[in-house]
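# Topology and contacts: notes
So you can see what is in the structure, the chains are spelled out below.
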Amino acid sequence: MTPLRQQVYLYLEDNQRWLPRLLQLAIALLILANVAAVILESVARIEAQYAAQFVLFERISVALFSLEYLLRLYSAPEHPAFAEARSPRVAYLLSPMALVDLIAIAPFYLALFINVDTRILRVLRLLRVFKLARYSASLELLGTVMRKEASSFASALFVMLIIIIFAASGMYAVERHIQPEHFGSIPAAMWWATVTLTTVGYGDVVPMTALGKAFGMLITLAGVGMAALPAGILASGFSRELELRRERFSEQVQVALADGHLSDDERDALDDSAEELGIPDEDAAALLERAQQTKKCPHCGGHL
């Protein structure tokens, strides 16, 4: 008989059986319903009319999310990512998704002990949308890319910070006497430098002198390149991560074809793996077809 803890883990994480998948879908729909409720609750007319229903829905949601959090904590020793840790449950508590789960329920319990502005709590409750990363291959892929490219993003942001300080200092030097309310200090000029370098350019603050305009043109041109830098890092990271996942899926296909036959169970497992890895169905089918064309039968030597 399967131990209770392993059963709990399989119900929360197994993507191959229909009942765990149904449970995961229900949790994902509950998360989306919570986000919709927070958005609708911000409308004064709707909040006044359905205040009691919003409160009831919030309490039910927090109870369900709290139960999920406790069950995941209970089954953490069964998770491959935490099973080898000295303390699997502590390792789980410190993992990014566990922190997201905690943030999802923390505002409700925080309000029971501390008098907090409800508008702040609404914003914190919106963070529940990040729980979808556990059930969305796209969000999981984005999180993986962001984590792997963290050092590159940090370098880009550091360079941008230096340029912002340089731009604010230059504009302070040439415009402080003309527009002291906007460029009277370097910190005040940093607003203009930031919106200019990020190519937002609200237009509420513009240089007035010829030298200031010339300097602003240079900063604007620099901003085009700086705004494209994080996008380039993200795009290259996505491409590299997708290629790694395709290679991983190809290896799984080779293992499945090792005996010269692809059973229905192996095909279903490959479909689940492709979904988990975020590989589109067309790409997965192409990789499988390519592997079958190059795989030779161990008996007759022909292509499978």
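The notes below deal with the structure included here. Everything numeric here is computed off the predicted structure, so don't read it as measured data.

Rules used throughout
Residues numbered from 1 in each chain as written. Predicted model: local features only at pLDDT ≥ 70, side-chain atom pairs only at ≥ 80, totals over all residues. Heavy atoms only, no water. Helix = DSSP H or I, 4+ residues; strand = E, 2+ residues; numbered from the N terminus. Buried < 20%, exposed > 50% of the residue type's maximum accessible area, 1.4 Å probe, protein only. Contact = heavy atoms within 4.5 Å. Areas by Shrake-Rupley, 256 points an atom, 1.4 Å probe, with all protein chains shown as cover. Lys, Arg positive; Asp, Glu negative; His and termini not counted. Charge placed at Lys NZ, Arg CZ, Asp CG, Glu CD. Phe/Tyr/Trp six-rings, centres within 6.5 Å; stacked < 30°, edge-to-face > 60°. Lys NZ or Arg CZ within 6 Å of the ring centre and 35° of its normal. Expected span 1.5 Å × (residues − 1). Patch = residues over 30% accessible without salt bridge, like charges linked within 9 Å, V, L, I, M, F, W, Y side chains within 5 Å. Salt bridge = Lys/Arg side-chain N within 4 Å of Asp/Glu carboxyl O. Core = buried A, V, L, I, M, F, W, Y, C linked by side-chain atoms within 4.5 Å. Axes fitted to C-alpha atoms, helices over the stretch in contact; angles between N-to-C directions. Parallel < 35°, antiparallel > 145°, perpendicular 65-115°, else oblique. Nonpolar A, V, L, I, M, F, W, Y, C, P; charged D, E, K, R; others polar.

## What to know about the overall build of the protein
- Along the backbone of the protein there are 15 helices and 0 strands.
- Seen through its C-alpha atoms, the protein measures out along the principal axes to roughly 85 × 60 × 40 Å.
- Taken over 304 residues, the protein has a buried fraction of 32%.
- Pairs at least 24 apart in sequence give 64% of the contacts found in the protein among residues at least 6 apart.
- As displayed, the protein offers around 18,400 Å² of accessible surface, 66% of which is attributable to carbon and sulfur atoms.
- Of the side-chain charges in the protein, 26 are positive and 32 negative, and the distance between the mean point of each set is 6 Å.

## Focus on the packing of aromatic side chains
- On inspection of all chains with the given rule, the structure shows 4 aromatic pairs.
- The side chain of Arg176 reaches across the aromatic face of Tyr172, ending 5.2 Å from its centre.

## So, helix α2 (residues 18-41)
- Between its first and last C-alpha, α2 extends 34 Å over 24 residues, near the 34 Å set by a 1.5 Å rise per residue.
- Listed in full, the buried residues belonging to α2 are Pro20, Gln24, Ile27, Ala28, Leu30, Ile31, Asn34, Val35, Ala37, Val38 and Glu41.

## Quick word on a negative patch on the surface
- Together, Asp264, Asp265, Asp268, Asp271, Asp281 and Glu282 make up a negatively charged patch on the protein surface.
- Residue contributions to the negative patch peak at 4 residues, all from helix α14 (residues 264-277).
- Here Glu282 lies in helix α15 (residues 281-294).

## Points about the nonpolar core
- Residues Ile164, Ala167, Met171, Phe183, Trp192, Ala193 and Ile219 are the most contacted members of the largest nonpolar core, which totals 14 residues.
- When residues of this core are assigned to their parent elements, the largest contribution, 5 residues, is made by helix α10 (residues 150-175).
- The contact partners of Ile219, leaving out residues within four places of it in the chain, are Ala167, Trp192, Thr196 and Leu197.

## Regarding a nonpolar patch on the surface
- There is a patch of nonpolar side chains on the surface, built from Tyr11, Trp18, Leu19, Leu22, Leu23, Leu25, Leu29 and Leu32 and spanning about 780 Å² of accessible area.
- Considering the arrangement of structural elements, one finds Leu23 in helix α2.
- Given the relative accessible area of 35%, Leu23 is considered partly exposed.

## Some words on the packing of helix α13 (residues 210-256) against α14
- The interhelical angle for the contact between α13 and α14, taken along N-to-C directions, is 170 degrees, at an axis separation of 10 Å. By the criterion of interaxial angle, the relationship of α13 to α14 is roughly antiparallel. Contacts between α13 and α14 involve Arg245, Arg248, Phe249, Gln252, Val253 and Ala256 from the former and Glu266, Leu270, Ser273, Ala274, Glu276 and Leu277 from the latter.
- Looking at the contact of α13 with α14, its residues break down into 6 nonpolar, 2 polar and 4 charged.

## As for helix α12 (residues 186-197)
- Over its 12 residues, α12 extends 15 Å from the first C-alpha to the last, a length consistent with the 16 Å expected when each residue adds 1.5 Å.
- Every buried residue of α12 is accounted for by Ala189, Trp192, Ala193, Val195, Thr196 and Leu197.
- The elements touched by buried residues of α12 are α10, α11 (180-183) and α13.

## Quick notes on the environment of Leu141
- Residue position: Leu141 is located in helix α9 (residues 137-148).
- Residues Leu141 and Phe238, spaced 97 residues apart in sequence, show a C-alpha to C-alpha distance of 7.8 Å.
- The contact partners of Leu141, leaving out residues within four places of it in the chain, are Phe238, Glu241, Leu242 and Arg245.

## Points about the pattern of salt bridges
- What the rule picks out here adds up to 9 salt bridges.
- For Arg72, the salt bridge identified is with Glu13, shortest N-O distance 2.6 Å. Pair noted here: Arg72 is in helix α4 (residues 51-74) and Glu13 is in helix α1 (residues 4-13), with a separation of 59 residues, a long-range link.
- By relative accessible area, Arg72 is classed as buried at 4%.
- The shortest N-O distance in the salt bridge between Asp101 and Lys131 comes to 2.9 Å. On the criterion of sequence distance, the pair formed by Asp101 in helix α7 (residues 96-113) and Lys131 in the loop between α8 (118-126) and α9 is long-range, its members being 30 residues apart. There is no split in this pair, since Asp101 and Lys131 are both buried.

These values are about where atoms sit, not about what they do.
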